[in-house]
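Chain by chain, the residues:
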Amino acid sequence: MFNFLTVALLFPFEIITHFLYALTKAMLPDDVADGEKWEGPIKKVVSPLGKKIININKSVTKSIATGKKDSCDDFYPTTCDGGVETYDTCGKVGLIACDKKSGDCPAFFQDGATRNEDEVSGYVCLVLSLFLLVTCLIGLVTILQKMLLGTSTRIIYKSTNINGYLAIVIGTGLTILVQSSSITTSTLTPLVGMGVLPLDKMLPLTLGANIGTTFTALMSALVSDSIDSLQVALCHLFFNITGILIWYPLPFMRAVPLHAAAQLGKATRIWRGFPLVYIAVMFLLIPLMFFGLSKLYEQGTVGFTVLGVFITLLIGLMVIFTAVWWRLRDGKTKVVTAMETREKKRTALASLPDDMQYLKKELERLKEHTGLPEDLEEGEDADEE
């Protein structure tokens, strides 16, 4: 919710004032020289192992983007002198390349490979990586549950009672080390779900993760000749810093994202299907709506502009009507009741097979105890007579 709220405030403010653009423009040097490439400790360990399995040939995308090659087919079939698969002997490679540093070719590389074969290898690696990711996350949650149940839960709960600004620094440092805010937040989320880490203590850690994740782009921009890439990285950094300055220092402002997050958690507890609806609306429907509106205004014609204005006004009226319905016409209660009803139906359907088995067993026991079938048969014979 912090990111949504920050975008809601800073996006129109940036359009009107160009605040981030001017700030980052003033910080840019006249030129950006190449520097030594920086690799995080996690990447130094994982990257050599990953290149033993598959190594992406980035020159394919670069050559097609710059117009040097027309398509991926120009890189095929792969050719290695004498059938020896090394970096030096393989002069023509496709989507999968050999490692320049070690000279070795990955396991999925093969001499004479076609584009289709390399694409299949990429899909296989994608499926395997997703499987490993899900397995590791499940294992992480399981281990955390085993470790944090009992007395250790109280110890960790007390250890999180630190100053919020220090927690921001810790979250920044952890994210810089692992180079991914997703790893930091996905590690902390189960702790909040188990009640070990309070929600208000996770907020500063998450804000620090937002800052830490910008350093990867910043480091990449520092080894680039493009000033624009450095300015984009600085915009990302100061976007998060500005959002923190807006939402965190003042307690009543800090309560806004915390309350919103708590309400989303309550909605998820009421109806398990709510997260899917939330993701579909916030990350698919709304972005597509704004993208479509921006395309209408970019056409530069009177007709499309008027249509864009009409749709914008219509959306505004719908937002106002929804807000009035939610607050003044008991809309919140109706939505909560509908979600509770759907959750009850889902729970009932999920437990129906077990309930049916239980009823069958009870009916059989009742028949054996009372002799009900024989009585029914006698009653049917009497009716026929």
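Caption draft 1: The side chain of Thr6, seen in detail. Structurally, Thr6 is set in helix 1 (residues 2–17). Only 3.5 Å separates the side chain of Thr6 from the side chain of Trp247, close enough to count as a polar contact. With residues near it in sequence (within four places) discarded, Thr6 still touches Phe11, Phe239, Gly243 and Trp247.

Caption draft 2: Molecular detail of the pattern of salt bridges. Evaluated as defined, the whole model comprises six salt bridges. The partner of Lys52 in a salt bridge is Asp104, with the nearest N and O atoms 3.2 Å apart. Of this pair, Lys52 sits in helix 3 (residues 41–53) while Asp104 sits in the loop between strand 2 (90–92) and helix 5 (115–148), and the two are 52 residues apart along the sequence. On the basis of relative accessible area, Asp104 is assigned to the partly exposed category, the value being 36%. Linking Arg115 and Glu119 is a salt bridge whose minimum nitrogen-to-oxygen distance equals 3.0 Å. In this pair, Arg115 and Glu119 both sit in helix 5, four residues apart, roughly one turn of the helix. A residue is classified by how much of its surface remains accessible, and Glu119, at 26% relative accessible area, is partly exposed. Taken together, the salt bridges that share partners define one network made up of Asp73, Arg115 and Glu119.

Caption draft 3: Seen up close, the packing of helix 8 (residues 181–193) against helix 9 (residues 199–212). One way to put it is that helix 8 packs onto helix 9 with a least axis distance of 10 Å and a crossing angle of 175 degrees. The angle between helix 8 and helix 9 falls in the class roughly antiparallel. Of the residues in helix 9, those touching helix 8 at Ser181, Thr184, Thr185, Leu188, Thr189 and Val192 are Leu199, Met202, Leu205, Thr206 and Ala209. Of the residues belonging to the contact of helix 8 with helix 9, the class tally is six nonpolar, five polar and no charged.

Caption draft 4: The arrangement of helix 14 (residues 302–328) in detail. Taking 1.5 Å of rise per residue, the 27 residues of helix 14 would be expected to cover 39 Å, and the 38 Å separating its terminal C-alpha atoms lies within 8% of that figure. Backbone geometry just downstream of helix 14 places Asp330 in the positive-phi region, at approximately 60 degrees.

Caption draft 5: Region of the structure containing the packing of helix 9 against helix 11 (residues 227–247). Between helix 9 and helix 11, whose axes approach to 8 Å, the crossing angle comes to 160 degrees. Accordingly, the angle class assigned to the pair helix 9 and helix 11 is roughly antiparallel. Note on packing geometry: the crossing formed by helix 9 with helix 11 is left-handed. Taking contact as the criterion, the partners of Leu207, Asn210 and Ile211 in helix 9 are, on helix 11, Leu237, Asn240, Ile241 and Ile244. Residue composition of the contact of helix 9 with helix 11, by class: five nonpolar, two polar and no charged.

Caption draft 6: Broad picture of a positive patch on the surface. Together, Lys266, Arg269, Arg327 and Lys332 give the surface a local cluster of positive charge. Relative to the elements of secondary structure, Arg327 occurs in helix 14. On the basis of relative accessible area, Arg327 is assigned to the exposed category, the value being 70%.

Caption draft 7: Molecular detail of the packing of aromatic side chains. The tally for this structure, following the rule as stated, stands at four aromatic pairs. Seen from their ring centres, Tyr165 and Tyr248 are 5.4 Å apart, and the 90 degrees between their planes marks the pair as edge-to-face. Highlighted residues: Tyr165 in helix 7 (residues 164–178) and Tyr248 in the loop between helix 11 and helix 12 (251–270), separated in sequence by 83 residues. Residue Tyr165 is classed as partly exposed on the basis of its relative accessible area, which comes to 45%. The exposure class assigned to Tyr248 is buried, which follows from its relative accessible area of 5%. Sitting above the plane of the Phe75 ring, Lys69 keeps its charged end 5.8 Å from the centroid. Its end group placed over the ring of Tyr248, Arg254 keeps NZ or CZ at 4.3 Å from the ring centre.

Caption draft 8: Representation of unusual backbone geometry. For the bond from Tyr76 to Pro77, the omega torsion is -5 degrees, close enough to zero to count as cis. The topology assignment puts Pro77 in the loop between helix 4 (58–65) and strand 1 (79–80). Despite not being glycine, His18 has its phi angle at roughly 55 degrees, a positive value. Its place among the elements puts His18 in the loop between helix 1 and helix 2 (19–27). Here the phi dihedral of Asp330 falls at roughly 60 degrees; this positive angle occurs in a residue that is not glycine. With respect to the helices, strands and loops of the structure, Asp330 is situated in the loop between helix 14 and helix 15 (331–370). With a relative accessible area of 42%, Asp330 lands in the partly exposed category.

Here is what the cut-offs are and how they apply
- Residues numbered from 1 in each chain as written.
- Predicted model: local features only at pLDDT ≥ 70, side-chain atom pairs only at ≥ 80, totals over all residues.
- Heavy atoms only, no water.
- Helix = DSSP H or I, 4+ residues; strand = E, 2+ residues; numbered from the N terminus.
- Polar contact = N/O pair within 3.5 Å; in protein donor to acceptor, adjacent residues only side chain to side chain.
- Contact = heavy atoms within 4.5 Å.
- Salt bridge = Lys/Arg side-chain N within 4 Å of Asp/Glu carboxyl O.
- Buried < 20%, exposed > 50% of the residue type's maximum accessible area, 1.4 Å probe, protein only.
- Axes fitted to C-alpha atoms, helices over the stretch in contact; angles between N-to-C directions.
- Parallel < 35°, antiparallel > 145°, perpendicular 65-115°, else oblique.
- Nonpolar A, V, L, I, M, F, W, Y, C, P; charged D, E, K, R; others polar.
- Expected span 1.5 Å × (residues − 1).
- Left-handed = near helix turned anticlockwise from the far one by under 90°.
- Patch = residues over 30% accessible without salt bridge, like charges linked within 9 Å, V, L, I, M, F, W, Y side chains within 5 Å.
- Areas by Shrake-Rupley, 256 points an atom, 1.4 Å probe, with all protein chains shown as cover.
- Lys, Arg positive; Asp, Glu negative; His and termini not counted.
- Charge placed at Lys NZ, Arg CZ, Asp CG, Glu CD.
- Phe/Tyr/Trp six-rings, centres within 6.5 Å; stacked < 30°, edge-to-face > 60°.
- Lys NZ or Arg CZ within 6 Å of the ring centre and 35° of its normal.

The analysis is restricted to geometry; functional conclusions fall outside its scope.
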